[in-house]
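# Descriptive analysis of the structure
As a plain string of letters, each chain reads:
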Amino acid sequence: MVRPRWLSAQRVTASRLWCHWDRAVALWAGVNLLLVLFDITYIPLRTFWLQRNLTPLPQVPLVVPLSLLPDLTPLYDPVKGIEPHRETEAYLQAFERLDQSLLEGSTLVQSAAQRRRLVALTEAMINENPFAASGNSGTLEKIKNRLRQRAGNDSAKQAAAQLLGDSWLKQSSWQQERRFWQQQVLPLVATSYWRSIDENGRPTDHFWRIDLLLFQSVFALDILLRMVRMRRRFPGLSWRDALLRRWIDLPLLLPFWRWMRVVPVVERLSQAQLINVEPLRAAVSRAVVSLLALELFEVLALQLVDGTQSLIRSSQWPRWIRSLRSHQSVSGADEQQLLDLVRLWGPMVLGQVTPRLAPELQSLLGHALQQQLREVPGGVMVPAGVSRQLAGGVVDSLLDLSRGTAQRLARNDDRQSELLQQAIDRFWEELAAALEQAGTLERSQELLCALLQQLKLNYLAQMNRAGIDALMDELDELTTPVSPGEPPATPPA
């Protein structure tokens, strides 16, 4: 893809201090962009950051732990106003007390009250659905399904009572059951949370304070310094125009739509020569051009042909032709344009180009005379050399006349210019009069419009996506620099 001219322009070399400053701010903007992306995706991915594991198959309880990732939820939950949910927190604490009691050797009779408490909390969790506040109602369905599958019961409430009942725990040891609860149920229960609401009725979000203090203040200072540097280079530039020239940096100062910062951040990293976005820009440009080129070419071709047909169908052709005469021209300068062109091209064609065609003209005229003599009775007996000599004499006479005419046209003769101008005016007049004859103009217009219509149909029929892609490949070959030891690429057939 062709590199834009603005990318090829040589930039004014800045001082070493400004280069270091620009690179530092570009890197800081990259850190801010990563933090913005983390903030935007934190709420949807909070369960991942809390558990730090992957579930490749949601229907299968297969978990891939990612223990190397740090637990960021204790640090970032306060930024989003997230607090533990009361019901699920009570549920986790109740299970912890029951687990500790059974591990210390308590009997089923001694732990009966704690197990009934946990069953009651399970039923309350199913009835009230604390996961709905965080938009994770599907988590409750996962818990209910796992309880049903474990107990083989269609009711999740009955399944919880069955799994914590005396008969079930007598058949299965608590070591096996606690593994099920700790791996299949409790991690899902822990994902529930409660998020506070601010005075505007929206969920609490304190990220703007971090963004304003650590990042936007630096960006504002950098934009101000860039405006000062720009005004030093262009003293006549106003502050408003300097700010408008840095419009691409404005998303860095917006407290909303922070995802738009990807544009100024990429621009700064590219300007600081920390990343190379030219391959990506070329790929995107090629994709966009390939999508729009076919439709654009069709529209332009139709508009050009339709405009030409409209001009041809006009009934003003005789008037337009007569306006080409010298006394009908708009200005004195326009009167001499055609005359000067004849003076320039006449001596060149008659005095230089035509004499060099003498051998070809002699051969052509000799062949024509020989064919003409064959049609005359007894002409076959005429030798071919006679026709060549006759053709040579005729061509020599015409070339002498051509050279003489060229010499006369090259002279600055006012009378000759006047006669030549009269001849040209007479030509336009006779051409306009011929077109005014009955049916001549209309028939000519019909034929020309039909020719253009056929050209339009054939051209549009040949245009397709493959042709556009071939043009793009040819453009890439023409604009790609060739290495010193590499042979030039040949255009596609």
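Below, the structure is looked at part by part. (Residues numbered from 1 in each chain as written. Predicted model: local features only at pLDDT ≥ 70, side-chain atom pairs only at ≥ 80, totals over all residues. Heavy atoms only, no water.)

### So, the nonpolar core
One recurring pattern in soluble globular proteins: nonpolar side chains tend to sit buried together. Membership of the largest hydrophobic core comes to 29 residues, with the highest contact counts inside it found for Tyr 91, Ile 143, Leu 147, Trp 181 and Val 185. Listing elements by their share of this core, those giving two or more residues are α5 (86–103), α6 (112–128), α7 (137–151), α8 (156–163), α9 (166–171) and α10 (174–189). At 7 residues, the largest contribution of residues to this core is made by α10. Contact partners of Tyr 91, with chain neighbours within four places excluded, come to Leu 118, Leu 121, Thr 122, Met 125, Trp 181, Val 185, Leu 186 and Val 189. (Core = buried A, V, L, I, M, F, W, Y, C linked by side-chain atoms within 4.5 Å. Buried < 20%, exposed > 50% of the residue type's maximum accessible area, 1.4 Å probe, protein only. Helix = DSSP H or I, 4+ residues; strand = E, 2+ residues; numbered from the N terminus. Contact = heavy atoms within 4.5 Å.)

### Here we look at the packing of aromatic side chains
Tallied over the entire structure, the rule returns 10 aromatic pairs. Between Phe 95 and Trp 174, the aromatic rings sit 6.0 Å apart at their centres with planes inclined by 40 degrees, giving tilted as the arrangement. Taken as a pair, Phe 95 in helix α5 and Trp 174 in helix α10 lie far apart in primary sequence, 79 residues in all. Of the residues examined, Trp 174 reaches a relative accessible area of 12% and is grouped as buried. Measuring from centroid to centroid gives 6.0 Å for Phe 95 and Trp 181, while their planes differ by 35 degrees, and the two rings are tilted. Of the two residues, Phe 95 sits in helix α5 while Trp 181 sits in helix α10, which places them 86 residues apart along the sequence. (Phe/Tyr/Trp six-rings, centres within 6.5 Å; stacked < 30°, edge-to-face > 60°.)

### Thoughts on the packing of helix α2 (residues 16–42) against helix α13 (residues 262–271)
Between α2 and α13, the shortest axis-to-axis distance is 9 Å and the interhelical angle comes to 150 degrees. Here α2 lies roughly antiparallel to α13, going by the angle between them. Of the two possible hands of crossing, α2 and α13 adopt the one that is left-handed. Seen from α2, the contacting residues are Val 25, Ala 26, Leu 27, Ala 29, Gly 30 and Leu 33; seen from α13, they are Val 262, Val 265, Arg 268 and Leu 269. Taken together, the residues of the contact of α2 with α13 break down into 8 nonpolar, 1 polar and 1 charged. (Axes fitted to C-alpha atoms, helices over the stretch in contact; angles between N-to-C directions. Parallel < 35°, antiparallel > 145°, perpendicular 65-115°, else oblique. Left-handed = near helix turned anticlockwise from the far one by under 90°. Nonpolar A, V, L, I, M, F, W, Y, C, P; charged D, E, K, R; others polar.)

### Looking at unusual backbone geometry
Residues other than glycine seldom take positive phi values, yet Trp 257 does so here, at roughly 50 degrees. Position of Trp 257 among the secondary structure elements: in the loop between α12 (239–245) and α13. We classify Trp 257 as exposed; its relative accessible area is 55%. The phi torsion at Gln 273 lies on the positive side, around 60 degrees, for a residue other than glycine. Considering the arrangement of structural elements, one finds Gln 273 in the loop between α13 and α14 (278–312). Residue classification places Gln 273 among the exposed residues on the basis of a relative accessible area of 65%.

### Remarks on α2
In an α-helix there are 3.6 residues to a turn, and that puts residues three or four apart on one side. Spanning 27 residues, α2 covers 39 Å between terminal C-alpha atoms, matching the ideal 39 Å at 1.5 Å per step. By the burial criterion, the buried members of α2 are Asp 22, Val 25, Ala 26, Ala 29, Gly 30, Asn 32, Leu 33, Val 36, Phe 38, Asp 39 and Tyr 42. Where α2 is buried, its residues touch α3 (46–51), α4 (73–76), β3 (82–84), α11 (207–233) and α13. (Expected span 1.5 Å × (residues − 1).)

### Focus on the packing of α5 against α10
In the contact formed by α5 and α10, the axes pass within 12 Å of each other and the chain directions differ by 165 degrees. Compared by their axis directions, α5 and α10 come out roughly antiparallel. α10 is crossed by α5, and the crossing has left-handed handedness. The segment α5 lies against α10, with Thr 88, Tyr 91, Leu 92, Phe 95, Leu 98, Asp 99, Leu 102 and Leu 103 engaging Trp 174, Gln 175, Arg 178, Trp 181, Gln 182, Val 185, Leu 186 and Val 189.

### A look at a nonpolar patch on the surface
A grouping of Leu 341, Leu 344, Trp 345, Met 348, Val 349, Val 353, Leu 357 and Leu 361 is seen on the molecular surface, where their side chains present a nonpolar patch of about 680 Å² in accessible area. Residue contributions to the nonpolar patch peak at 6 residues, all from helix α16 (residues 332–353). (Patch = residues over 30% accessible without salt bridge, like charges linked within 9 Å, V, L, I, M, F, W, Y side chains within 5 Å. Areas by Shrake-Rupley, 256 points an atom, 1.4 Å probe, with all protein chains shown as cover. Salt bridge = Lys/Arg side-chain N within 4 Å of Asp/Glu carboxyl O.)

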